[in-house]
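Coordinate analysis (summary)
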Amino acid sequence: MTTTGAGAGAGAGAGTASPVGAGAGGRTPPVLRLYHELLADRERLIEAHHRLLAEQNALLEQIDLLCARSTAAGSDTPCGSPPPLSPVQRQVLVLMAGGAKDGAIARRLNLSERSVRRQVESLTRRTGASNRFTLALAAIRIGWLPAGR
């Protein structure tokens, strides 16, 4: 290997390679330490992702169970035939499920933020959801939103 620059060939041991991962004095260089930290962060993110997927599957199972119970109990609107949404509710639901905040939805649909919040609250009550994520899952399960959105 040929070295160039101001320090090339100067001093004893010039041109010899140091062990991989060992810096001056055998310590790990900061860049390598950062690389290892990023790998550990990546692993933690993957683990968190897997936990979220397991929680999502558990929620879907609960939704299926509730749907089966409501159908067995003779509910007016079994899970196979969703109650209709107003055009505004549908638009709010689609934008909300896409990740839009209330303010962005309000601007897009020319509504007040209060109206948007009321629509989301209404949909949340209708589905029994506890938050926007479970509302979106319930909307997919009921048929208000297409799956894979």
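Everything here concerns the structure above.
Structural notes, computed from the coordinates. (Residues numbered from 1 in each chain as written. Predicted model: local features only at pLDDT ≥ 70, side-chain atom pairs only at ≥ 80, totals over all residues. Heavy atoms only, no water.)

1. Here's the deal with the packing of helix H2 (residues 87–97) against helix H4 (residues 113–127)
How two helices sit against one another is set out by the angle between their axes and by the gap between those axes. Worth spelling out the cut-off: Between N-to-C directions, angles span 0 to 180 degrees; the directions come from axes that are lines fitted to C-alpha atoms, helices contributing only their stretch in contact. Runs of H or I in DSSP of at least four residues are treated as helices and runs of E of at least two as strands, each being numbered from the N terminus. If an angle is under 35 degrees, it is roughly parallel; if it is over 145, roughly antiparallel; if it lies from 65 to 115, roughly perpendicular; otherwise it is oblique. Residues count as neighbours in contact if any of their non-hydrogen atoms are within 4.5 Å of one another. Residues are grouped as follows: nonpolar covers Ala, Val, Leu, Ile, Met, Phe, Trp, Tyr, Cys and Pro; charged covers Asp, Glu, Lys and Arg; every other residue, Gly included, is treated as polar.
Viewed as axis vectors pointing N to C, H2 and H4 meet at an angle of 90 degrees, and their least axial separation amounts to 10 Å. One finds that H2 runs roughly perpendicular with respect to H4. Where H2 approaches H4, its residues Val-88, Gln-89, Val-92, Leu-93 and Met-96 are matched on the opposing element by Val-116, Gln-119, Val-120, Ser-122, Leu-123 and Arg-126. Of the residues assigned to the contact of H2 with H4, the class counts are seven nonpolar, three polar and one charged.

2. Focus: the pattern of salt bridges
Any two side chains of opposite charge can pair, so long as their charged atoms come close to each other. How we decide: Salt bridges are defined as contacts in which a side-chain nitrogen from Lys or Arg sits within 4 Å of a carboxyl oxygen from Asp or Glu. Only protein chains enter the calculation, and the probe is 1.4 Å; a residue is then buried if its accessible area is under 20% of its type maximum, exposed if over 50%, and partly exposed in between.
Applying the stated criterion across every chain yields a total of four salt bridges. Among the salt bridges present, the one from Glu-43 reaches Arg-42, with a minimum N-O distance of 3.3 Å. Judged by relative accessible area, Arg-42 falls into the partly exposed class, the value being 48%. For Arg-132, the salt bridge goes to Asp-102, with nearest N and O atoms at 2.1 Å. Remark: Asp-102 occurs in helix H3 (residues 102–109) and Arg-132 occurs in helix H5 (residues 132–142); sequence separation between them is 30 residues. Relative accessible area serves as the criterion here: at 14%, Asp-102 is assigned to the buried category.

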